[in-house]
Amino acid sequence: MGVSDSLLSGIRVVDLTWVWAGPYSTALLADMGAEVIKVESSKRPDLGRHYFIYYDGKPGDNRAVPYNQINRNKKCCTIDIAEKAGVDLVKKLVAISDIVVENFSPPVTESLGLSYEVLREVKPDIIMLSLPGFGSSGPERNYLSYGPTLEAVSGITELIGYHEGPPQGLGVAFTDPVGSMYGVITILGALYNRKETGKGQHIELSQQEAAISLLPEAVMEYTMNDRCRSRMGNRDDMMAPHGCYRCRGEDKWVSIAISSDEDWEAFCQVSGHQEWGRDERFSDAYVRWQNQQVLDELITDWTRQHTNYEIMHMLQAVGIAAAPSYNSEELINDPHIKERGFFTEIEHPEVGKRIMYGTPWRLNATPAKVYAPAPLLGQHNDYVFQELLSLSPENIERLTKDGIIA
Amino acid sequence: MEKMGYQILRDIKVVEYGNLVSAPFCGKILSDFGAEVIKIEEPYTGDMARRKEPFFRDSPHIEKSGLFLYLNSGKLSVTLNLETSTGVEIFKRLVKNSDILIQNNPPNMMRQYGIDHESLHDVNQQLIMTSITPFGQTGPYRDYKSTELTTFHFSGLAYVTPRMARDTSQEPLKVSSGLADFYVGLCATAGTMSALLARMRIGQGQQVDISSVECLIPVMDIPIAFFSGLNRISTRVSPMLAAPWHILACKDGYVHIAGLEERHWQRLIELIGNPEWADEPLFENATSRGEYWDALEPLLSAWTLQHTKEEIYHQAQAMGIPVGPVYTMKDILESEHLTARGFFSEIEHPKTGKLRYPGIPYRFSETPRSATRPAPLLGQHNEEIYCNRLGYSKKELVKMSETGVI
């Protein structure tokens with residue numbers, strides 16, 4: 001299918017990013033129809049190409065699953081940016097592009113000679129997004145950041161754990177997609193501004209600050225009451241029951257949130273435990289919250305007798321928020337997720353047909369689409385060097401021999 | 001530092017009709033981009049976030065919720081009762097003159113009031129309507145209820161949390177704050193911005209259908225990759241493949257040490273003072289260190305327990321070791337780095353005085369930020385909007401108030 005009628009068709013993005021936060025932001029631009037060109041090199045492929053999960057367990061430059069998911073819809077050319085001739089090529093590409101995204105550490109951007117000041121000389125209305133872990137100013141600007149260390153310094157880790165237990169950490173890296181999403185929002189904002197004013201600009205985004213901006217309950221608890229918010233498992237500040245309960249089967253669970261007295265009455269009816277409704281320990285929201293430990297044990301005795309699906313549908317039928325704690329297989333095969341077609345299958349030349357998750361927003365007139373697999377390493381070299389940059393065959397031969405475009 | 005120039009969305013008018021986190025967070029970011037955001041609230045009670053903690057000095061009051069004050073800074077508040085036909089009429093007049101409507105109400109409620117996408121498209125073809133629901137506007141669960149808890153569990157994030165659990169005796173976990181709903185708000189903002197750009201191209205508005213679970217599923221990139229590539233189901237009990245990639249207790253809290261790469265491990269050993277045990281064959285590479293983590297953990301902890309998290313953080317980072325202290329909110333608000341970057345914003349509010357709020361994580365080089373303005377009092381802008389904007393007299397406003405319309 002073509003993307004010529006897509007929202008961002010005609011917009012070209014030079015993607016200098018690695019691993020997740022940067023690449024996911026450019027994947028979303030690609031979903032909206034932008035032409036995203038990843039710059040890698042065989043000496044320095046995206047680290048994600050060798051993240052240890054390969055299709056069918058067989059390693060290879062083009063077989064890492066997370067890489068293939070995060071780089072769908074993109075093109076890839078290989079340029080060695082450690083060499084000056086390579087940097088010059090990137091600049092040529094920037095000169096015919098609209099957006100550049102990078103997540104080097106700030107001194108690396110400088111030393112490579114790919115700072116905004118430099119690129120703006122090449123393309124005055126370029127929009128450039130830099131998303132370093134700690135921003136490009138401040139005493140910790142050059143600190144190293146990995147998913148879990150960023151999660152820790154942004155205050156998320158402190159908020160994960162069982163009631164009165166130690167901090168434990170999320171099972172996925174959340175700070176990366178948070179950075180990606182702010183990246184997309186600010187790039188779209190800068191594009192909107194460029195259409196109105198003709199001007200490009202530089203966007204600096206700190207992944208640490210991005211994550212903190214999602215934790216105002218904890219920040220404001222401290223600035224308002226000088227208290228640090230604590231870990232409370234699956235509990236809520238005011239709702240109870242509010243938890244995750246064991247169901248029938250191996251490691252199967254259902255989450256339930258009771259948000260009103262009506263919910264509570266309906267819950268007692270549906271579960272066949274009308275006696276809970278008459279129990280003075282649970283007679284209003286306040287005492288239910290106070291006695292939630294006891295209540296959770298009683299509820300577990302009931303949920304254990306049913307599957308997570310049974311409980312979801314039983315409770316949803318009377319308007320109560322309940323959902324299984326899904327694993328990846330259950331999630332992909334859920335009938336609702338399937339009917340909405342959130343996962344699609346994409347054919348990849350080396351690994352065959354594989355599933356891809358979709359875009360988080362659905363627009364009826366200008367839909368985003370997952371339409372092409374991730375690029376093989378250097379797959380679009382001819383397109384980029386011959387068609388886009390019109391390099392002569394002699395020039396290409398020399399650059400190849402010198403290892404600049406390999 | 002105020003820059004010359006115009007705010008990106010200076011001419012854009014937004015109506016926000018929603019509760020709690022997702023829709024208001026989207027409205028807040030658009031307001032930070034310079035849009036005018038009119039927030040429609042229930043008469044007398046207002047947005048449900050007004051009744052959620054933390055409250056300033058622990059005194060519950062609809063104008064003192066830290067969550068509400070953060071999410072709604074810079075907006076205008078009007079009260080309106082959509083149960084009345086006059087209320088619906090006024091709603092349509094507001095929407096007629098707006099560019100964007102953001103709402104997170106149940107689909108059946110919007111239909112019942114006659115303000116679903118079809119009806120509003122007739123009122124204003126330019127309108128972008130962003131609708132946020134747990135499961136989206138279509139599919140078998142479209143009317144199912146969900147809270148942040150059940151959304152988090154349904155999406156699979158909880159099933160893999162906490163990472164590195166010893167066994168499955170304890171339940172899957174969510175984060176002890178509204179993180180998921182905030183992330184959904186970010187995705188809704190990206191979708192809304194894309195519809196705004198599309199409007200420049202196609203000349204009309206459209207519906208932006210945001211399903212909370214579809215926003216969160218891509219965050220499951222790695223667990224999905226394990227299933228898609230290796231047919232393996234990720235759980236919170238993950239095998240210790242390599243080490244150190246762990247949270248360790250220290251003198252005054254916890255630190256996360258990411259030392260999988262050999263150079264990072266060597267520097268860490270040097271920082272610890274080259275202890276003899278480092279030469280043990282058990283610890284010779286990251287994989288063996290993972291395998292013998294039970295033997296390694298007490299040795300590393302013996303060192304971390306003698307130092308504070310700040311000592312370990314700065315000493316390790318100075319040597320190029322990726323370490324992140326598990327920051328509490330006190331640590332974050334006292335961080336020299338964040339203070340030097342000017343991350344926190346100080347906002348003066350009539351009921352709480354001046355307080356520090358989480359700031360904005362991005363900086364545009366050309367377009368200035370909004371001046372930081374406080375959240376509105378409930379119905380603070382009724383006169384300004386209803387009289388000055390829509391032309392009702394003050395006398396009519398009194399009548400509408402008495403009859404429960406506003």
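See the structure shown above.
Quick caveat: nothing in here was measured; it's all calculated off a predicted structure.

Caption draft 1: Focus on the interface of chain B and chain A. Contact residues are listed per partner, giving 150 residues for chain B and 150 residues for chain A. Buried area between chain B and chain A, both sides added, is near 13300 Å², and the carbon and sulfur share of it is 65%. Broken down residue by residue, the surface that chain B buries against chain A is led by Ser176(B), Glu214(B) and His337(B), which jointly contribute 5%. Joining chain B to chain A, the criterion identifies 12 salt bridges. The closest approach of N and O atoms between Arg340(A) and Glu214(B), which form a salt bridge, is 3.0 Å. Our enumeration of links across chain B and chain A arrives at 61 residue pairs in polar contact (both at pLDDT 80 or more). Among the elements that make up the side of chain B that touches chain A, the one with the highest residue count is helix H7 (residues 179-202) of chain B (17 residues). Residue classes in the side of chain B that touches chain A are distributed as 82 nonpolar, 41 polar and 27 charged. Across three bridges, strand E6 (residues 201-205) of chain A lies against strand E12 (residues 362-364) of chain B in antiparallel orientation.

Caption draft 2: Just the packing of aromatic side chains, in detail. Tallied over the entire structure, the rule returns 28 aromatic pairs over all chains. Plain terms: the ring middles of Phe33(B) and Tyr362(B) are 5.6 Å apart, the flat faces sit at 85° to each other, and that makes the pair edge-to-face. Here Phe33(B), found in the loop between helix H1 (22-32) and strand E2 (36-41), pairs with Tyr362(B), found in strand E12; they are 329 residues apart in sequence, far enough to count as distant. Of the two residues examined, Phe33(B) and Tyr362(B), each falls in the buried class. Pairwise contacts between aromatic rings join Tyr309(A), Tyr326(A), Phe135(B), Tyr141(B), Tyr144(B) and Phe154(B) into one cluster. For Lys28(B), the ring lying beneath its charged end belongs to Tyr70(B), and the centroid distance is 4.7 Å. A cation over a ring is seen here: Arg356(B) above Phe344(B), with NZ or CZ 5.4 Å from the ring centre.

Caption draft 3: Expanded view of the packing of H1(B) against H7(B). Residue and element names in this part refer to chain B. Contact geometry of H1 with H7 gives a least axis separation of 8 Å together with a crossing angle of 50°. By the criterion of interaxial angle, the relationship of H1 to H7 is oblique. By crossing handedness, the relation of H1 to H7 is classed as right-handed. Contacts from Ser-22, Phe-25, Cys-26, Ile-29 and Leu-30 of H1 reach H7 at Asp-181, Phe-182, Val-184, Gly-185, Leu-186, Ala-188, Thr-189, Thr-192 and Met-193. Here the contact of H1 with H7 is composed, by residue class, of nine nonpolar, four polar and one charged.

Caption draft 4: Looking closely at the pattern of salt bridges. The full count for this structure, using the stated rule, is 48 salt bridges over all chains. With a shortest N-O distance of 3.2 Å, Asp237(A) and Arg229(A) are connected by a salt bridge. A relative accessible area of 10% means that Arg229(A) is categorised as buried. Glu63(B) serves as the salt-bridge partner of Arg50(B), at 2.7 Å between the closest nitrogen and oxygen. Of the two residues, Arg50(B) is situated in the loop between E2 and helix H2 (66-71) and Glu63(B) in the loop between E2 and H2; the sequence distance between them amounts to 13 residues. On the basis of relative accessible area, Glu63(B) is assigned to the buried category, the value being 7%. Members of the salt-bridge network, linked through shared partners, are Asp98(A), Lys123(A), Asp125(A) and Arg194(A).

Quick notes on the rules
Each chain carries its own residue numbering, running from 1 in the written order of its sequence. Numbering of ligands from 1 and lettering of chains from A proceed in the order in which they are written. Selection of residues for local features in this predicted model requires a pLDDT of at least 70, selection of side-chain atom pairs for listing and counting requires 80 or more, and totals for whole chains, interfaces and linings are taken over all residues. Calculation of side-chain values draws on the structure's entire complement of heavy atoms; hydrogens and water are dropped beforehand. Throughout, a residue-residue contact means that at least one pair of heavy atoms, one from each residue, lies within 4.5 Å. Once two parts are put together, the accessible area they lose, assessed with a 1.4 Å probe and summed over both, is termed the buried area. In what follows, salt bridge is the name for a side-chain nitrogen of Lys or Arg lying within 4 Å of a carboxyl oxygen of Asp or Glu. Pairs of N or O atoms within 3.5 Å make up the polar contacts considered here, provided that, within protein, one atom can donate a hydrogen while the other can accept it, and that residues adjacent in sequence are counted only when both atoms are side-chain atoms. Secondary structure is summarised from DSSP: a helix means a run of H or I of at least four residues, a strand means a run of E of at least two, and numbering begins at the N terminus for each. Note that Gly is not counted as nonpolar here; it falls among the polar residues with everything else outside the nonpolar set of Ala, Val, Leu, Ile, Met, Phe, Trp, Tyr, Cys and Pro and the charged set of Asp, Glu, Lys and Arg. Two strands make a pair as long as DSSP finds a minimum of two bridges between them. Side-chain rings of Phe, Tyr and Trp (the six-membered ring for Trp) are treated as a pair once their centres are within 6.5 Å; stacked means planes under 30 degrees apart, edge-to-face means over 60, and tilted covers the remaining angles. Note on exposure labels: buried denotes an accessible area under 20% of the residue type's maximum, exposed denotes more than 50%, and partly exposed covers the range between, all computed with a 1.4 Å probe on protein chains only. Any Lys NZ or Arg CZ that is within 6 Å of a ring centre and within 35 degrees of that ring's normal is treated as a charge sitting over the ring. Axis definition: a line fitted to C-alpha atoms, limited for helices to the stretch in contact. Angles are taken between N-to-C directions and run from 0 to 180 degrees. By definition in this entry, angles of less than 35 degrees are roughly parallel, angles greater than 145 are roughly antiparallel, angles of 65 to 115 are roughly perpendicular, and the rest are oblique. Handedness of each helix crossing follows the sense of rotation of the near helix against the far helix: counterclockwise by less than a right angle gives left-handed, clockwise gives right-handed.

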